[in-house]
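Notes for the structure review
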Amino acid sequence: MKKLTTLSLFLGFTFAIAAADTNAAWLVRPLSLTDALNTTLQQNASILKAKNDLEAVHGVVVQTRAVALPHVQASGQYKYTDPNAIEGFFGSAQPNENWNAGLQLVQSIYEGGKLVAAIRAADATKQQALAQYQTSVADTLLAVRLAYYDTLLAAQQITVHEASVNLLQKELEDQQHRLDAGTVPKFNVLRAEVAVANERPNLIRARNQYRIAKNNLANLLGYNLPRDIWENIPLNLTDVLEAAPYEVNLPDAIQQALTKRTELVALRKTVELQNLNIVSAKSGYKPTVQLFAGYNWYNAQFTPPVELDHDIHGWNAGAQMNWAIFDGLLTHGKVVQAKALYERSKTDLTDEGRQIELQVRVAYSDFIEAKEVLDSQAKVQEQADEALREAKARTDAGTGTQLDVLDAETSLTQARTTQIQALHDYTAARAKLERAIGADLAPAK
């Protein structure tokens, strides 16, 4: 009857949510890890911002290439002048209304290496931005995986502590019956009551951790929680914690990380860009050559008839060169700065490589520890169950004590807790190791 009442309340609560907010259907929809990762790719704020940054870099790429492309400029002007402010000569009069228009095309053909550097920099910038976006996606997907595993762990911990409370409660009831029958002292009942009271806070903390874990997961998924849900989010996770076999060779893992980690890809492009900046800075020492061609229109000034609609027009073309013989050491300063930044970028790349190798080694060590702990717990729960049965049998036969039963019950709870924690730590350690070596964490399509 109690279970039926609880189920009715839960269903009523679910229907109330659906009626209050039809957009919150995700609250009761089954959510697998793959679904969670796909949802993250679509809704997570960090990924959406990274995508916006990637799109913004496209504008930077266009700007970088602009120096190598021809420029077309149109100009025009109309001017009215007070006739009294116009001075004529030799009996002629100038018009007091003037206009001109022109169309000019300019193409740089040499800028001291700056043109080629700009084209290469545009390509490097695009690849760098893509690598940075992939880094953001990988970090976010790892965070979602860990949050999903944390939620599963919290749910299992509730189950363990509920079972422990029920077990201790049964022991309390058994001791109360024995006390009523006059076979045990009051002390046994008191000790059983203390055991139940000591276990209840663990259950309360487990429920709180479950609430927090689901809130954290919902936030990473990019969901806006309805305001009327403030006690518990009814997320329905369908996956379970599993110890899937995973073999990895540390030297191969390090090599894979140094090859695939997008952080290193981005830094390699940074080094390339800084080297191109040196070329661009040195271009200030060299001349620039441009070709131009255009067409101009303007009203006649002296050719009769001197009227506003009498225009003169024609083509023009040519070449121009500019060379800053001395610019006050401006170019020298730019070259010094560019070289220093280039050397720093190489240092950053080397240091990041060491840091990534350290991450792989630490993640590998944590994975081995988690695997060994998990293996060590393979039969502990079965042994703890058997120990509890034997303790109860000895107590019933009069050869054991209540303390033996309570110790066995505590050991069983500890064994269950350690086992699910070890299973969680194994899956989490594997996910972190896969991220450290640069494996693709995105769900299969």
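Keep in mind the model is a prediction, meaning the values are calculated, not measured. (Residues numbered from 1 in each chain as written. Predicted model: local features only at pLDDT ≥ 70, side-chain atom pairs only at ≥ 80, totals over all residues. Heavy atoms only, no water.)

**Considerations on the overall build of the protein chain**
Along its length, the protein chain carries 10 helices and 6 strands. Burial statistics for the protein chain: of 445 residues in total, 35% are counted as buried. Contacts in the protein chain between residues far apart in sequence, at least 24 positions, make up 81% of those at least 6 positions apart. Approximately 26300 Å² of the protein chain is accessible, and the part contributed by carbon and sulfur atoms is 56%. (Helix = DSSP H or I, 4+ residues; strand = E, 2+ residues; numbered from the N terminus. Buried < 20%, exposed > 50% of the residue type's maximum accessible area, 1.4 Å probe, protein only. Contact = heavy atoms within 4.5 Å. Areas by Shrake-Rupley, 256 points an atom, 1.4 Å probe, with all protein chains shown as cover.)

**So, a negative patch on the surface**
Among the surface-exposed residues, Asp 366, Glu 369, Glu 372 and Asp 425 lie close enough to one another that they form a single negatively charged patch. Assignment of secondary structure puts Glu 369 in helix 8 (residues 330-376). What makes Glu 369 partly exposed here is its relative accessible area of 49%. (Patch = residues over 30% accessible without salt bridge, like charges linked within 9 Å, V, L, I, M, F, W, Y side chains within 5 Å. Salt bridge = Lys/Arg side-chain N within 4 Å of Asp/Glu carboxyl O. Lys, Arg positive; Asp, Glu negative; His and termini not counted. Charge placed at Lys NZ, Arg CZ, Asp CG, Glu CD.)

**Remarks on the pattern of salt bridges**
For the structure shown, the criterion picks out 11 salt bridges. When the shortest N-O distance is used, the salt bridge between Arg 354 and Asp 351 registers 3.5 Å. A residue pair is termed a helical-turn pair when its members lie 3 or 4 positions apart in one helix, as Arg 354 and Asp 351 do in helix 8 at 3 residues.

**A look at the nonpolar core**
Formed by 33 residues in total, the largest nonpolar core has its most connected members in Val 144, Tyr 148, Leu 217, Leu 221 and Leu 237. Broken down by element, the residue count for this core peaks at 12 residues, all from helix 4 (residues 114-181). Ala 253, Val 360, Tyr 426 and Leu 433 belong to the second-largest nonpolar core, a separate cluster that totals 18 residues. (Core = buried A, V, L, I, M, F, W, Y, C linked by side-chain atoms within 4.5 Å.)

**A closer look at the side chain of Thr 331**
On the secondary structure map, Thr 331 appears in helix 8. Owing to a relative accessible area of 6%, Thr 331 belongs among the buried residues under this scheme. Reaching out from Thr 331, the side chain makes a polar contact with the side chain of Asp 327 at a distance of 2.4 Å. If near-sequence neighbours (up to four positions away) are discounted, Thr 331 is found in contact with Ala 281, Gly 284 and Tyr 285. (Polar contact = N/O pair within 3.5 Å; in protein donor to acceptor, adjacent residues only side chain to side chain.)

**Notes on the sheet that holds strand 6 (residues 311-322)**
Spatially, 2-3-5-6 is the arrangement adopted by the 4 strands of the open sheet, whose pairing is antiparallel. Only two strands of the sheet have a single partner each, and these edge strands are strand 2 (71-80) and strand 6. Here the strands of the sheet are splayed against their neighbours by 15 degrees on average, with no regard to which way each runs. Pairing of strand 2 with strand 3 (residues 97-110) involves 10 bridges; the strand directions are antiparallel. Paired with Lys 79 across the bridge in strand 3 is Asn 98. (Pairing = 2+ DSSP bridges. Axes fitted to C-alpha atoms, helices over the stretch in contact; angles between N-to-C directions.)

**Describing helix 5 (residues 186-220)**
Note that an α-helix has 3.6 residues per turn; residues three or four places apart therefore point the same way. For helix 5, with 35 residues, the first-to-last C-alpha span of 52 Å sits near the 51 Å given by 1.5 Å per residue. Looking one or two residues beyond helix 5, the residue adopting positive phi is Gly 222, at roughly 80 degrees. (Expected span 1.5 Å × (residues − 1).)

**Regarding the layout of surface pockets**
Taken as a whole, the second largest pocket spans an internal volume of roughly 370 Å³. Together, 18 residues line the second largest pocket, and Gln 134, Val 137, Ala 138, Asp 440 and Leu 441 are the ones closest to its centre. Tallying contributions element by element places helix 4 first for the lining of the second largest pocket, with 6 residues. (1 Å grid on protein atoms, 1.4 Å probe; cavity = no way out; pocket = protein on both sides within 12 Å on 5 of 7 lines; lining within 4 Å. Points joined across faces, edges and corners; volume = space filled by probe spheres on them.)

**Considerations on the packing of aromatic side chains**
Scanning the model with the defined rule gives 4 aromatic pairs in all. Taken together, a centroid distance of 4.7 Å and an interplanar angle of 50 degrees make the contact between Tyr 295 and Trp 297 tilted. The class of Tyr 295 is buried, set by a relative accessible area of 16%. The class of Trp 297 is partly exposed, set by a relative accessible area of 32%. With 5.2 Å between their ring centres and 40 degrees between their planes, Phe 367 and Tyr 426 make a pair best called tilted. On the criterion of sequence distance, the pair formed by Phe 367 in helix 8 and Tyr 426 in helix 10 (residues 402-436) is long-range, its members being 59 residues apart. Of the two residues examined, Phe 367 and Tyr 426, each falls in the buried class. One aromatic cluster in this structure is built from Tyr 246, Phe 367 and Tyr 426. (Phe/Tyr/Trp six-rings, centres within 6.5 Å; stacked < 30°, edge-to-face > 60°.)

**Comments concerning the environment of Thr 259**
Structurally, Thr 259 is set in helix 6 (residues 250-260). When the C-alpha positions of Thr 259 and Ile 437 are compared, they lie 9.0 Å apart, and in sequence the two are 178 residues distant. A distance of 2.9 Å separates the side chain of Thr 259 from the backbone oxygen of Gln 255, its partner in a polar contact.

**Considering the confidence of the model for the protein chain**
In the predicted model, the protein chain carries a mean pLDDT of 84, and the fraction of residues at 70 or more is 84%. Scored below 50 in pLDDT, residues 1-23 makes 8 contacts in the model with residues more than four places away or belonging to other chains. (pLDDT = per-residue confidence, 0-100.)

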